[in-house]
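Structure at a glance
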Amino acid sequence: MDQDELINAYLDGKLSPDDKRLFEQLLQEDPVYLQALEEQRQIKLAVTLEERSKLKDFLREIDRNEARLLAKTNSLKSWLFAGVAACLIVLVGYFLWTSLSTTPGEKLYQTYYQTYPNLVAPTVRGSSSGGLKSEAFLAFDNRDYEKAAVLFENLIQEPNSEFAIFYLGICQLELGRPEKAIPSFQKIKENASQPDKPTALWYEAMGYFKLNKLEEAKLRIGKVAQANGHALQSQAQEIFQKLE
Amino acid sequence: MEVKEKQLELLKKGDRETLKQLYLEHKAGFSLFAKRYTQDQFQIDNCYQDAIIALAENAQKGKIETLNSSIGTYLFSIGKFILFKNLKGKNLTGQLSEEMLETIPIETYEEEARDEYLLLLRQKLSELGPKCQEILRLFYFQSKSLEEICKLMGYESKDVLKSSKSRCIKNLKESLIRN
């Protein structure tokens, strides 16, 4: 064993009792040994304290990382929670809104209403033979119902323009103004052909559905249901049965 | 080999990952135990860290040959010892059994840690080259024999290592004189 190893083992308390006694005797007899011991003790202490301090830093770093990780997962969790909560609120809100705000009439309207097509003056690409009529239907085909309504209103004054009253009613329905649409449909005569009376009655009923006036609507739908051979008959019968 | 033995082997080699595992594994448990004596979380954490350091040190120095109990139990014993020593006013050290005081050798070197000469020595030590630091760490901290260090660090012979070590200490002394 080298001298430093001997001193180190003594400092570690690893010498056997006999060796320890011998070594201590040596220390008493030779001051050089005593000095070497003190020197090594200091270095050993310094190395030990330095090593402990490094380990302490290592452990503190673990704590810091854990705290960061925890904060991260927490913020992730709260973001997730917020996201899920937001989705739920939107879903519940949508559900409540649709179920509470839709009346039975409105539901029927949504199920059965379809925009009546332009069967009077099909828009021909490139044709400029305009006039009020084609202007009105051009706006109608372009779903510009506000503009179309104004034009149809002006057309009503002209002869052979019963269709204008009907399409004005469709425009009002499209614009969400059933109370204005209903009088238009009512003006359609029994013998009308562009379109016929049952169609007008059907759309009048739609207006009443939108207003949730079920009895008024049922009255009109009943008449359509009796129009034998009419395109809307079967649908009208279906609705009539639902209302019974 | 049991998990405990494996962990102990790794601790003896100074494996930091094992130390980290043990540190995290028992942290909450020790904190709960310590709360019965103090509410100072900073003090609790500090004692626990010192206990982990003592465990690492004793393992590396070869002071833990085998363990009858688990590493966790050993760690708790050291933690308890350090905590009670820290809570001086409460005279809790009396509660520590004689056997425990003997089986857990920990020198805290509290006074020495404040010694100015030692602080300077530590500073100069950290300024040495990495090889010198490693030799001194293996020799004084891990209490490895020169032969073992030769193998660990790949020195040709014990004599080469010895002269390297002497040079390191000479440099250290000289840097102290220059100061």
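Cut-offs applied
- The residue numbers shown here count from 1 along each chain, following its written sequence.
- Starting at A for chains and at 1 for ligands, labels are handed out in the order in which the entities are written.
- Reporting of local features is limited, given that this is a predicted model, to residues whose pLDDT is at least 70; pairs of side-chain atoms are given and counted only at 80 or more, and all residues count toward the totals for whole chains, interfaces and linings.
- Per residue, pLDDT measures the predictor's confidence, with a range of 0 to 100.
- Numbering of helices and strands starts at the N terminus; helices are DSSP runs of H or I of at least 4 residues and strands are runs of E of at least 2.
- UniProt positions are given in the numbering used here, feature names are shortened, and annotations may be inferred rather than shown by experiment.
- Think of it this way: build a C-beta for each residue from its backbone, and any pair within 7 Å is a contact.
- Charged residues are taken to be Asp, Glu, Lys and Arg, nonpolar residues to be Ala, Val, Leu, Ile, Met, Phe, Trp, Tyr, Cys and Pro, and polar residues to be all remaining types, Gly included.
- Throughout, an axis means a line fitted to C-alpha atoms (over the contacting stretch in the case of helices), and angles, computed between N-to-C directions, take values from 0 to 180 degrees.
- These descriptions rest on fixed angle ranges, namely under 35 degrees for roughly parallel, over 145 for roughly antiparallel, 65 to 115 for roughly perpendicular, and the rest for oblique.
- Note on convention: near helix rotated counterclockwise from far helix by under a right angle means a left-handed crossing. Clockwise means right-handed.

1. Structural notes on the confidence of the model for chain A
In the predicted model, chain A carries a mean pLDDT of 88, and 97% of its residues have values of at least 70. Mean pLDDT values over the elements of chain A span from 87, in helix H5 (residues 131–141) of chain A, up to 93, in helix H9 (residues 197–210) of chain A.

2. Topic: the UniProt feature "transmembrane region" (unreviewed entry) in chain A
Taking the numbering used here, the UniProt-annotated feature "transmembrane region" (unreviewed entry) corresponds to residues 78–97 of chain A. What you have in residues 78–97 of chain A is 100% helix and 0% strand, and the ends, taken at the C-alpha atoms, are 27 Å apart.

3. Notes on the confidence of the model for chain B
On average, residues of chain B score 86 in pLDDT, and 89% of them reach the 70 mark or higher. Our summary of model confidence lists the complex with pTM equal to 0.59 and ipTM equal to 0.87.

4. Details of the interface of chain A and chain B
If you look at the interface, chain A gives 20 residues, while chain B gives 27 residues. Elements with a contribution of two residues or more to the side of chain A that touches chain B: helix H1 (3–12) and helix H3 (31–101) of chain A. Ranked by residues supplied to the side of chain A that touches chain B, first place goes to H3 of chain A with 16 residues. For the side of chain A that touches chain B, the residue count by class is nine nonpolar, three polar and eight charged.

5. Regarding the packing of helix H8 (residues 178–186) of chain A against H9 of chain A
All names here are of chain A. Between H8 and H9, the least distance of the axes is 9 Å, while the angle of their chain directions is 160°. Considering the angle they form, H8 stands roughly antiparallel to H9. Helix-helix and strand crossings are classified by hand; for H8 and H9 the assignment is left-handed. Of H9, the residues touching H8 (which contributes Pro178, Ala181, Ile182, Phe185 and Gln186) are Ala200, Tyr203, Glu204, Gly207, Tyr208 and Lys210.

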